[in-house]
Amino acid sequence: MLEAPVTGGLEALKKGQMTVFMAGDKTLAEEVRPMLESIYCNVLYTGKMGTALIPKVLSNMLTCVHNLAMGEVFMIAKRAGVDMRTTFDCIRASSGNSFVFETGGPMLMQGTYDPSFSLALQCKDNRLGYQIATKHKVPMEILGHAMQTYNRALYKYGDEAPCYIAPKMLEEALQTDLRSEGFENWEYSIQNVDGSS
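Residues numbered from 1 in each chain as written. Predicted model: local features only at pLDDT ≥ 70, side-chain atom pairs only at ≥ 80, totals over all residues. Heavy atoms only, no water.

1. Comments concerning unusual backbone geometry
Phi is positive for Lys137, which is not a glycine, with a value near 55°. Tracing the backbone through its elements, the reader meets Lys137 in the loop between helix 6 (119–135) and helix 7 (142–157). Among the residues examined, Lys137 registers a relative accessible area of 76% and is labelled exposed. Positioned with a positive phi, Gln175 is a non-glycine residue whose angle comes to about 50°. Among the secondary structure elements, Gln175 is positioned in the segment after helix 8 (167–174). In this structure Gln175 comes out as exposed when scored by relative accessible area, which is 74%. (Helix = DSSP H or I, 4+ residues; strand = E, 2+ residues; numbered from the N terminus. Buried < 20%, exposed > 50% of the residue type's maximum accessible area, 1.4 Å probe, protein only.)

Now the structure itself:
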């Protein structure tokens, strides 16, 4: 038996750029690997049954931290008078860049907040991550704060709200939106570079 959750988001799915994590019987995993490699951009074996869900959930939790910090960074720049596109380009070309920044930043500036994944699903992954951390006795200070902020967003905007909507609470509190021209038709692509995706 194998466990094989997929990750990458709706845009990656549309472009055939999803990643799959496999766990379970290693011999079986190697037997089905060619088939999965023909379907997915990246196929990673994580170990015994039950381990494939862990990096998927942890990655989604890390997305929350990135997204919240990104909202704050854009708000600081905007209120300091820096053009939003210039801010995006500068961070994209420097050490603060990340997959979440490149994909989520434009969605914040569009005001779409990534409608391809619901806030309810994101909060479910956060709860799963919390259970994993609790089981292994790992304190979640930063991830725990992000989890609570996402719960607050869930209570405010509802289950079907887009997963990157949490920074909207900051926009509303400061009465300053993060919309910016030039991101209306933004797209992204995933490239597999040396095992990354």
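After presenting the structure, the write-up continues.
2. So, the environment of Glu181
For Glu181, the position within the fold is in the segment after helix 8. Placed 29 residues apart in sequence, Glu181 and Arg152 show a C-alpha to C-alpha distance of 29 Å.

3. Digging into helix 8
Inspection of helix 8 places Pro167, Met169 and Glu171 among the buried residues, and these make up the whole buried set. One or two residues past the end of helix 8 sits Gln175, with phi positive at roughly 50°.

4. A closer look at the pattern of salt bridges
Summed over all chains, the structure comprises 8 salt bridges. Asp125 is the salt-bridge partner of Lys124, the closest N and O atoms lying 2.8 Å from each other. A relative accessible area of 2% means that Asp125 is categorised as buried. Between Lys156 and Glu172 there is a salt bridge, with the nearest N and O atoms lying 3.1 Å from each other. Placement of Lys156 in helix 7 and of Glu172 in helix 8 is noted, with a sequence separation of 16 residues between them. The exposure class assigned to Glu172 is partly exposed, which follows from its relative accessible area of 35%. (Salt bridge = Lys/Arg side-chain N within 4 Å of Asp/Glu carboxyl O.)

5. Considering helix 5 (residues 99–110)
Between the first and last C-alpha of helix 5 there are 17 Å, a value that for 12 residues agrees with the 16 Å anticipated at 1.5 Å per step. Along helix 5, the residues classified as buried are Val100, Phe101, Thr103, Gly104, Gly105, Pro106, Met107, Leu108 and Met109. Elements that come into contact with the buried residues of helix 5 comprise helix 3 (53–79), helix 4 (84–92) and helix 8. Where helix 5 terminates, the next one or two residues include Gly111, which has phi positive at roughly 85°. (Expected span 1.5 Å × (residues − 1). Contact = heavy atoms within 4.5 Å.)

6. What about the nonpolar core?
Of all hydrophobic cores here, the largest spans 27 residues; its most connected members are Phe74, Leu108, Leu119 and Tyr150. Secondary-structure elements contributing two or more residues to this core are helix 3, helix 4, helix 5, helix 6 and helix 7. Not counting residues within four places of it along the chain, the set of residues in contact with Tyr150 comprises Cys64, Asn67, Leu68, Leu119, Gln122, Cys123, Asn126, Cys163, Tyr164 and Ala166. (Core = buried A, V, L, I, M, F, W, Y, C linked by side-chain atoms within 4.5 Å.)

7. With respect to the packing of helix 6 against helix 7
Interaxial distance between helix 6 and helix 7 falls to 10 Å at its minimum, and their mutual angle equals 150°. The angle between helix 6 and helix 7 places the two elements in the roughly antiparallel class. You can see that helix 6 and helix 7 cross each other, and the crossing is left-handed. For the pair helix 6 and helix 7, the contacting residues are Leu119, Ala120, Gln122, Cys123, Asn126, Arg127 and Tyr130 in the first and Met147, Tyr150, Asn151, Ala153 and Leu154 in the second. (Axes fitted to C-alpha atoms, helices over the stretch in contact; angles between N-to-C directions. Parallel < 35°, antiparallel > 145°, perpendicular 65-115°, else oblique. Left-handed = near helix turned anticlockwise from the far one by under 90°.)

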